[in-house]
Amino acid sequence: QVQLVESGGGLVQPGESLTLSCAASGIMFSIYAMGWYRQVPGKQREPVAGITSGGSTNYADSVKGRFTISRDNAKNTVTLQMNSLKPEDTAVYYCNTKSRSTGRDYWGKGTLVTVSS
């Protein structure tokens with residue numbers, strides 16, 4: 001079955017950096033688009049960044065120029081490099097992919113990022 005496992009969350013101060021990783025299994029990773037979403041309690045989950053199987057990327061306006069998504073098909077991992085973090089980046093970050101046949105979304109359990117002084 002599809003499993004997505006996030007790691008790398010934690011507490012950082014404003015302006016600092018953090019790297020999130022997502023390890024995927026149960027899929028032919030190289031042909032799947034991958035994404036990162038985030039959610040604050042009481043708010044809807046929102047897309048942060050995505051990367052296609054071909055390596056094309058897209059970002060939410062709020063993180064453009066600060067976050068970078070990348071993938072390592074040899075290791076079945078997708079990474080989110082987050083720089084110049086702001087308190088408003090505080091959220092639970094989720095890794096996502098979508099079934100190519102059914103369109104079903106798959107999610108990891110999430111990793112908490114807290115940006116606070």
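Up top is the structure.
Now for a look at the structure at hand. (Residues numbered from 1 in each chain as written. Predicted model: local features only at pLDDT ≥ 70, side-chain atom pairs only at ≥ 80, totals over all residues. Heavy atoms only, no water.)

### Focus on the pattern of salt bridges
Here is the rule we go by: Whenever Lys or Arg places a side-chain nitrogen within 4 Å of a carboxyl oxygen from Asp or Glu, that contact is recorded as a salt bridge. Each helix is a run of DSSP H or I of at least 4 residues and each strand a run of E of at least 2, with the numbering of both proceeding from the N terminus. A 1.4 Å probe rolled over the protein chains alone gives each residue an accessible area, and that area as a share of the maximum for its type sets the label: buried under 20%, exposed over 50%, partly exposed in between.
Enumeration over the complete set of coordinates arrives at five salt bridges. Of the charged contacts in the structure, one is a salt bridge between aspartate 89 and arginine 38, with a shortest N-O distance of 2.9 Å. With aspartate 89 in the loop between β8 (77-82) and β9 (91-98) and arginine 38 in strand β4 (residues 34-39), this residue pair connects regions lying 51 residues apart in the sequence. The pair aspartate 89 / arginine 38 is uniform in exposure class, with both members buried. Aspartate 105 is paired through a salt bridge with lysine 98; the nearest N and O atoms lie 3.0 Å apart. Of the residues examined, aspartate 105 reaches a relative accessible area of 32% and is grouped as partly exposed. Via salt bridges that share partners, Arg38, Glu46, Arg66 and Asp89 belong to a single interconnected network.

### Points about the environment of tryptophan 107
In plain terms, the rule: Here, two residues are considered to be in contact whenever any of their heavy atoms come within 4.5 Å of each other.
Mapped onto the fold, tryptophan 107 is located in strand β10 (residues 105-107). Not counting residues up to four positions away in its chain, the partners in contact with tryptophan 107 are Leu4, Tyr37, Arg45, Tyr94, Cys95 and Asn96.

### Section: the state of the cysteines
Convention followed: For this text, the term disulfide refers to a pair of cysteine sulfurs within 2.5 Å.
Per the counting criterion, the structure on display carries one disulfide. The residue that forms a disulfide with cysteine 22 is cysteine 95, at a sulfur-sulfur distance of 2.1 Å. What sets the handedness of the cysteine 22 and cysteine 95 disulfide is the S-S torsion sign, and at about -80° it is left-handed. Here cysteine 22, found in strand β3 (residues 18-25), pairs with cysteine 95, found in strand β9; they are 73 residues apart in sequence, far enough to count as distant. We note that cysteine 22, like cysteine 95, is buried.

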